[in-house]
Amino acid sequence: MIINLRPTANILQSNFLDVNERRYIIAEEIEGLLMAVLNVNIDHVATVRQARVTDEPDPVWAATECELAGANGITVHLRQDRRHINDRDVRLLKETVACKLNLEMCMAEPIVKIAEQIKPDQVTLVPEKRAELTTEGGLDCVRHKKRLAQVVKRMHKKRILVSTFIAPAKAQITASAETGCDAVELHTGMYANAKSQRAIEKRLRELKEAKDLAMESNLIVHAGHGLTYRNIAGVAQIKGLCEFNIGHSIIARAVFVGIRQATAEMIRLIDKFS
Ligand code: PXP
């Protein structure tokens, strides 16, 4: 079994460093190591639990299993409708996750207040629509620039890193940088849905160009959405993409092979191609 604890996880726990110091060290590490890491999104463990509104399977157990497999981080989305992850989960995860805890959330005031109280290592800001099956598009950082700047300030006060989940578009990157975000997560959904080789290559070019621009703007660059064991190679090869947030594909495989093995297999692929 590969134990894959990465230095970024340790740095994120260094609470004596302020956000800017931590961000600088992480950026230095990424430059030096050019190494991508995996955050496992465990929302769908909670989806299964909520199918019977019971207490199993517990996403907190899942997080431990992912960590034991070498995940660098755990991602959960606390949605306003609490359809999967709930407040209790986020509280317990904050107490038990030893690697990075990345809280996906929208910018609605009650959710922002919860983040301020729980203080995850990182928040990833996403748009949220009640009727959607999963997060559909990127956050419009241009349209919501004023609110974004306020949220960034409040998160930084609590020493929480801020990432925005955005389309790989120049205006979104610029708005993220101008509002003081630490990172952006590039939406890989269009890449994941591309069918022909030509379309796949076009989407990869877009992601690479967006990654270059984000790095020039001093942003750390993450990626996620729709990534699977079959399509991870293409994005893992883009140097400088340093963190992948992957949920559905890992949890789907976990049904058959267990979550520890499913996580380890994804890490192995990321390591192989990055
Ligand atoms: N990144 C973000 C911002 C997301 O909203 C999601 C879905 O919750 C993911 C990554 C993971 O996507 P998937 O479940 O398709 O791997």
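Everything numeric in this text was worked out from a predicted model, so none of it was measured. (Residues numbered from 1 in each chain as written. Predicted model: local features only at pLDDT ≥ 70, side-chain atom pairs only at ≥ 80, totals over all residues. Heavy atoms only, no water.)

K.L.:
Explanation requested: the overall build of the protein chain in the structure shown.
P.N.:
Along its length, the protein chain carries 13 helices and eight strands. Among the 274 residues that make up the protein chain, the fraction classed as buried is 53%. Counted over contacts in the protein chain with a minimum sequence separation of 6, partners at least 24 positions apart contribute 70%. If you sum the accessible surface of the protein chain, you get close to 12900 Å²; carbon and sulfur atoms cover 54% of it. (Helix = DSSP H or I, 4+ residues; strand = E, 2+ residues; numbered from the N terminus. Buried < 20%, exposed > 50% of the residue type's maximum accessible area, 1.4 Å probe, protein only. Contact = heavy atoms within 4.5 Å. Areas by Shrake-Rupley, 256 points an atom, 1.4 Å probe, with all protein chains shown as cover.)

K.L.:
What's the story with the site of the ligand in this structure? I'm lost.
P.N.:
Around the ligand lies a shell of 14 residues, among which Thr-135, Glu-185, Gly-226, Gly-247 and His-248 are the nearest. Separating an oxygen atom of the ligand from a backbone N or O atom of Gly-226 is a distance of 2.8 Å. Note that an oxygen atom of the ligand is positioned 2.9 Å from one of the backbone N or O atoms of His-248. When isolated, the ligand has an accessible area of 400 Å², and the protein chains bury 93% of it. Looking at the shell around the ligand residue by residue, the classes come out as three nonpolar, eight polar and three charged. (Near = heavy atom within 4 Å. Polar contact = N/O pair within 3.5 Å; in protein donor to acceptor, adjacent residues only side chain to side chain. Nonpolar A, V, L, I, M, F, W, Y, C, P; charged D, E, K, R; others polar.)

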